[in-house]
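So you can see what is in the structure, the chains are spelled out below.
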Amino acid sequence: EYDLLYDSSRRLLAIGYNVSERRRDASFYDLLASEARLASFVGIAQGRLEQEHWFALGRLLTTSNGQQMLLSWSGSMFEYLMPLLVMPTYENTLLDQTYKAVIDRQIEYGRQRGIPWGVSESGYNTTDAQLNYQYRAFGVPGLGFKRGLADDLVVAPYATAMALMVAPKPACANLQRMATKGFEGKYGFYEAIDYTPERCGTDGPRV
């Protein structure tokens, strides 16, 4: 049931519901370039959300290397590619064009910074009082609305694994590059590699 979260006047899903105050959150998932479009897709397929909801999702565009693509909130690979694990894609559509252009921009950004590419939500080199690694969204400048995206430099190998669905050859090459750099452990690739100087000092990246 989606009624708890669905605002019929806006035709959008709220980001949550405050149970203690018995009210819907005032913010909404309003971008097509968001992992939340998967909930929209499923809800419409079930017949529980109106089709007009899909067209209410924002489609603001940006351009990189002459290619147009959808803007997301944080410019992370997760926002763009996670729904593709379930949803179909079709050539000559805005979403399909976005998938390819975003990966090209991620590759370009990695080249500019001299590191493997693939920036997304992930853990990073900061812990709380209980020594739990912290987690948040990281993205590529120019792909997201969020400010300060260039302040952090964190690569998540799983972002490249998702890119295998769209650009298998460069994704394989990037995974091989990370493997040769020692970014694998007993259970596979590490969660993330933090290159941010303020957190890693002069010792190099931290995994």
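Quick summary incoming for the structure in this document.

What counts, and at which threshold
- Residues numbered from 1 in each chain as written.
- Predicted model: local features only at pLDDT ≥ 70, side-chain atom pairs only at ≥ 80, totals over all residues.
- Heavy atoms only, no water.
- Phe/Tyr/Trp six-rings, centres within 6.5 Å; stacked < 30°, edge-to-face > 60°.
- Helix = DSSP H or I, 4+ residues; strand = E, 2+ residues; numbered from the N terminus.
- Buried < 20%, exposed > 50% of the residue type's maximum accessible area, 1.4 Å probe, protein only.
- Lys NZ or Arg CZ within 6 Å of the ring centre and 35° of its normal.
- Salt bridge = Lys/Arg side-chain N within 4 Å of Asp/Glu carboxyl O.

By the definition in use, this model includes one aromatic pair. Ring centres 5.3 Å apart and planes at 80° place the aromatic pair Tyr 124 and Phe 138 in the edge-to-face group. Linking Tyr 124 in strand β8 (residues 122-127) with Phe 138 in the loop between β9 (133-136) and β10 (154-155), this pair joins segments that are 14 residues apart in sequence. Among the residues examined, Tyr 124 registers a relative accessible area of 14% and is labelled buried. Above the plane of the ring of Tyr 124 lies Arg 136, whose end atom (NZ or CZ) is 5.0 Å from the centre.

Right, let's get into the pattern of salt bridges. Applying the stated criterion across every chain, the model contains nine salt bridges. Ionic pairing is found between Arg 48 and Glu 1, a salt bridge with its closest N-O pair at 3.0 Å. Here Arg 48, found in the loop between α1 (37-45) and α2 (52-56), pairs with Glu 1, found in the segment before β1 (6-7); they are 47 residues apart in sequence, far enough to count as distant. The partner of Arg 24 in a salt bridge is Asp 7, and the shortest N-O contact between them spans 3.9 Å. Remark: Asp 7 occurs in strand β1 and Arg 24 occurs in strand β4 (residues 23-24); sequence separation between them is 17 residues. The buried category is assigned to Asp 7, whose relative accessible area is 13%. Beyond isolated ion pairs, a larger network of salt bridges with shared partners links Arg 136, Asp 152, Asp 194 and Arg 199.

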